[in-house]
Amino acid sequence: MYIHAVPVHLVDHPVAQDALALLRDRTTIPSHFRRLAHRVSLILAMEAARELPASTVTIQTPLETTTGRRLEADVVVVPVLRAGLGMMEAVLEVLPHARVGHIGLQRDEQTAVASQYYKKLPPDLSRSTALIVDPMLATGGSAVAAITMLQRAGAIDIRLVCIVAAPEGIAEVERAHPGVHIFTPAIDRELNAHKFILPGLGDFGDRLYGTM
Ligand code: PRP
Ligand code: URA
């Protein structure tokens, strides 16, 4: 569904929505939180992969010759450390031949401004589909920084996969990088004074790894 100037794909699959409801629940413990993050990410990855190029191939079944469709896209999955790691394995389950890049970004606790501490991207990105995975799109600062890094490395087809998006973050991506597709199961109400998403689910990285 396109509801913004940037294409926002609202993933309303009931299994994704069920997992999201449990992710939001403050009583969900990290081991369960990790499984839920994996489950919702499987569905998001399927949606993000929906329009990937495929080609027709000939296949010999045990009985006869037929044709099938094989994905032919070069996909690069880019988790934004650290919380994006909670989504990465699910995306690789859906797209096992994907190459993987890593971007480390950390929001300052006072200002909520993200700064980069790590970057390792595969080469030759111009013909690849880059899937940035970062569960929270809050102010949009981290997403814009990650997209900018990928563009500077040559990527053209860049998609952002997240688990909760704030309107402010969507607007920021739209302002800085119109044309980037966003896949999310939820667009929440707003940010609070500390730039956390409401109703949100809290600090995703902390809940994923039990560091709260
Ligand atoms: C969280 C989240 C995003 C970012 C979103 O990461 O995983 O990367 O905040 O916020 P923004 O849209 O306002 O930039 P955080 O910086 O807390 O780091 P972590 O993943 O290491 O916990
Ligand atoms: N990062 C998070 O983990 N949660 C938020 O609500 C905002 C940024």
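For the structure itself, consult the block above.
Being a predicted model, the structure only gives us computed values, none of them experimental.

> Lay out the site of ligand 1 in plain terms, naming residues and giving numbers.
Taken together, 16 residues lie near ligand 1, and Arg107, Asp134, Ala138, Thr139 and Ser142 sit nearest. Between ligand 1 and the protein, one listed contact pairs an oxygen atom with a backbone N or O atom of alanine 138 at 2.9 Å. Between ligand 1 and serine 142 there is a distance of 2.5 Å, counted from an oxygen atom to a side-chain nitrogen or oxygen. Of all the elements in the fold, those that place two or more residues in the shell around ligand 1 are strand E6 (102–107), strand E9 (136–137) and helix H4 (141–152). The leading source of residues in the shell around ligand 1 is E6, at three residues. A class-by-class count of the residues in the shell around ligand 1 yields six nonpolar, six polar and four charged.

> Residues and numbers for the site of ligand 2, please.
Taken together, Arg107, Met136, Ala138, Lys195, Phe196, Ile197, Gly202, Asp203 and Phe204 make up the full set of residues adjacent to ligand 2. Glycine 202 is positioned with one of its backbone polar atoms (N or O) 2.8 Å from a nitrogen atom of ligand 2. Here the residues of the shell around ligand 2 sort into five nonpolar, one polar and three charged.

> Give a description of the packing of aromatic side chains that names residues and reports values.
In this description, an aromatic ring pair is defined by two values, namely the gap between the centres and the angle between the planes. Summed over all chains, the structure comprises one aromatic pair. Geometrically, the ring pair formed by phenylalanine 33 and phenylalanine 204 is edge-to-face, given 4.9 Å between the ring centres and 65° between the ring planes. With phenylalanine 33 in helix H2 (residues 30–48) and phenylalanine 204 in helix H6 (residues 204–209), the pair connects residues that are 171 residues apart, well separated along the chain. Pair check on accessibility: phenylalanine 33 and phenylalanine 204 agree, each one buried. Just above the ring of phenylalanine 196 sits the side chain of arginine 107; from NZ or CZ to the centre is 5.2 Å.

> Account for helix H5 (residues 167–176), with residues named and values stated.
Every buried residue belonging to H5 is among Gly169, Ile170 and Val173, and all of these are buried. Buried residues of H5, seen end-on, are gathered within an arc of 100° and therefore sit on one face of the element. The inward-facing, buried residues of H5 abut strand E1 (8–10), E9, H4, strand E10 (157–161), strand E11 (164–165) and strand E12 (181–184).

> Got a sec to walk through the pairing of strand E8 (residues 128–133)? Specific residues and values, please.
Remember that side chains alternate between the two faces of the sheet whenever the strand is regular. Counting buried positions along E8 gives six out of six residues, so the element sits mostly inside the fold. For strand E4 (residues 74–81) and E8, the ladder comprises six bridges, and the chain directions are parallel. By the bridge assignment for E8, valine 75 is matched with threonine 129. Looking at chain direction, E8 and E10 are connected through five bridges and run parallel.

> Please give an account of the pairing of strand E2 (residues 54–60) that cites residues and values.
Here seven bridges tie E2 to strand E3 (residues 65–71), and the two strands are oriented antiparallel to one another. In the sheet register, alanine 54 faces E3, and the bridge partner there is leucine 71. Where E2 folds back on E3, the antiparallel hairpin that results is connected by four residues.

> Please provide a residue-by-residue account of the pattern of salt bridges, values included.
Opposite charge on two side chains permits pairing when their charged atoms draw close. Under the defined criterion, the tally for this structure stands at seven salt bridges. Notably, a salt bridge pairs arginine 50 with glutamate 47, separated by 2.8 Å at the nearest N-O pair. A residue is classified by how much of its surface remains accessible, and arginine 50, at 59% relative accessible area, is exposed. Assessed through its relative accessible area of 25%, glutamate 47 is described here as partly exposed.

Parameters and conventions
- Residues numbered from 1 in each chain as written.
- Chains lettered and ligands numbered in written order.
- Predicted model: local features only at pLDDT ≥ 70, side-chain atom pairs only at ≥ 80, totals over all residues.
- Heavy atoms only, no water.
- Near = heavy atom within 4 Å.
- Polar contact = N/O pair within 3.5 Å; in protein donor to acceptor, adjacent residues only side chain to side chain.
- Helix = DSSP H or I, 4+ residues; strand = E, 2+ residues; numbered from the N terminus.
- Nonpolar A, V, L, I, M, F, W, Y, C, P; charged D, E, K, R; others polar.
- Phe/Tyr/Trp six-rings, centres within 6.5 Å; stacked < 30°, edge-to-face > 60°.
- Buried < 20%, exposed > 50% of the residue type's maximum accessible area, 1.4 Å probe, protein only.
- Lys NZ or Arg CZ within 6 Å of the ring centre and 35° of its normal.
- Arc of directions from axis to C-beta.
- Contact = heavy atoms within 4.5 Å.
- Pairing = 2+ DSSP bridges.
- Salt bridge = Lys/Arg side-chain N within 4 Å of Asp/Glu carboxyl O.

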